[in-house]
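Descriptive analysis of the structure
Spelled out, the chains give:
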Amino acid sequence: MSNKAKQLKSTKKTSSNGKVFWRPRWVEVDLDGNRKIKFGKSQETRTLADQFSEKAVSDLNNRNSLQLVAEEEAMTVGEFAETHWLKAERQRKVKNKAQIRTVIKYWKEIGLWDIKIEDLTSAMMYKYIKNLADRGLKPASIQNYKTELRTLLDLARTLGQTDKNVLLGVKNERRTQEQEERSERIFNDMMQNTWTLEEIQTNLMKLRNIPRQIVKVKTKKYSYEQERSSTGNVPEILWYGRFLIGFYLGLRSGEILALKFSDFDFQNKEVVISKAIARRTIKINLVRSLDGCKKNQE
């Protein structure tokens, strides 16, 4: 047996004064699978009655496919807030109750309180956020308003009042522009100041075969040559691993060399890059030095 609503033929009726009208009919199926014949508002012609029942059936099937409640069970923002949202576990645990009351007061003020949840759109949410920004609220305050409405819409989606949270992805235009500019600056900085693929390949090939250092050792009786590690007491494999980490994080050579074990926070999965080791070139002014020697000789 199908759980979809089904359109029936409209019935012809005659009123007591002899006027003919048509009654739309359709079969509605509830969540338990029980079928019931429903009648719509009387229409002047059969065509209008069929259109009425066709629209009713289409709406019912759409709601059923989206797992939404029936039209008569659809709630406004205010009705849902008082019936479900304020009683939800998350809201009962909120310590700052004044913030919730302030948000509800604002919803009532702008008329959002009396709009059905299923009628909310992303355009409305954009105006909602823009209105908050126009009032001069700080970004943190605007975020608090958004959080309260987002949690309400998330719960409404869970309980079948809507098929999506229309607030998701809606941001303040100015803030979005700033984020895009920041992302572009970061991208350009990465392109200019991080390793290229050719640099990574060249350095990895070098690190795989670090040449041994040849040292001449002299004793009282004889002398000989000895091979020693170029990396001192640090095993070569650790240098290889250190540069792998540097390539992954996009670090320069000096930042890689300055890394310490204490810079890694394994619990929070973070790395602190606080300094870099650089090679400093010292230029000696030979003319001044020679002049100083002459003065000392005099």
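Our structure's up above, just so we're on the same page.
None of these values were measured; they are calculated from a predicted model.

1. Examining the packing of aromatic side chains
For any pair of aromatic rings, the description rests on two quantities: the centre-to-centre distance and the angle between the ring planes. One pass over the full model with this rule turns up five aromatic pairs. Note on Y106 and Y128: the rings are 5.8 Å apart at their centroids and 45° apart in plane angle, and the pair reads as tilted. On the criterion of sequence distance, the pair formed by Y106 in helix α4 (residues 97-110) and Y128 in helix α5 (residues 122-134) is long-range, its members being 22 residues apart. Across from the ring centre of W113, 4.9 Å away, lies the NZ or CZ of K108, which sits over that ring.

2. What about the nonpolar core?
Among the nonpolar cores identified, the biggest contains 28 residues, and W107, M125, Y128, L152 and L153 are the most heavily contacted of them. It is helix α6 (residues 139-158) that contributes the most residues to this core, six residues altogether. Discounting residues that sit within four places of it in the chain, Y128 has contacts with Y106, W107, I110, L112, Y145 and L149. Within the second largest apolar cluster, five residues are counted, among which are F243, F247, I256 and L259.

3. Some thoughts on the packing of α4 against α5
Where α4 contacts α5, the two axes come as close as 13 Å, and the packing angle between them is 110°. Accordingly, the angle class assigned to the pair α4 and α5 is roughly perpendicular. Of the two possible hands of crossing, α4 and α5 adopt the one that is right-handed. Contacts from Y106, W107 and I110 in α4 reach Y128, N131 and L132 in α5. Among the residues forming the contact of α4 with α5, the class breakdown is five nonpolar, one polar and no charged.

4. Quick notes on the side chain of N165
Along the polypeptide, N165 turns up in the loop between α6 and α7 (173-193). With a relative accessible area of 7%, N165 lands in the buried category. In terms of polar contacts, N165 uses its side chain to reach the side chain of D154, at 2.7 Å.

What counts, and at which threshold
- Residues numbered from 1 in each chain as written.
- Predicted model: local features only at pLDDT ≥ 70, side-chain atom pairs only at ≥ 80, totals over all residues.
- Heavy atoms only, no water.
- Phe/Tyr/Trp six-rings, centres within 6.5 Å; stacked < 30°, edge-to-face > 60°.
- Helix = DSSP H or I, 4+ residues; strand = E, 2+ residues; numbered from the N terminus.
- Lys NZ or Arg CZ within 6 Å of the ring centre and 35° of its normal.
- Core = buried A, V, L, I, M, F, W, Y, C linked by side-chain atoms within 4.5 Å.
- Buried < 20%, exposed > 50% of the residue type's maximum accessible area, 1.4 Å probe, protein only.
- Contact = heavy atoms within 4.5 Å.
- Axes fitted to C-alpha atoms, helices over the stretch in contact; angles between N-to-C directions.
- Parallel < 35°, antiparallel > 145°, perpendicular 65-115°, else oblique.
- Left-handed = near helix turned anticlockwise from the far one by under 90°.
- Nonpolar A, V, L, I, M, F, W, Y, C, P; charged D, E, K, R; others polar.
- Polar contact = N/O pair within 3.5 Å; in protein donor to acceptor, adjacent residues only side chain to side chain.

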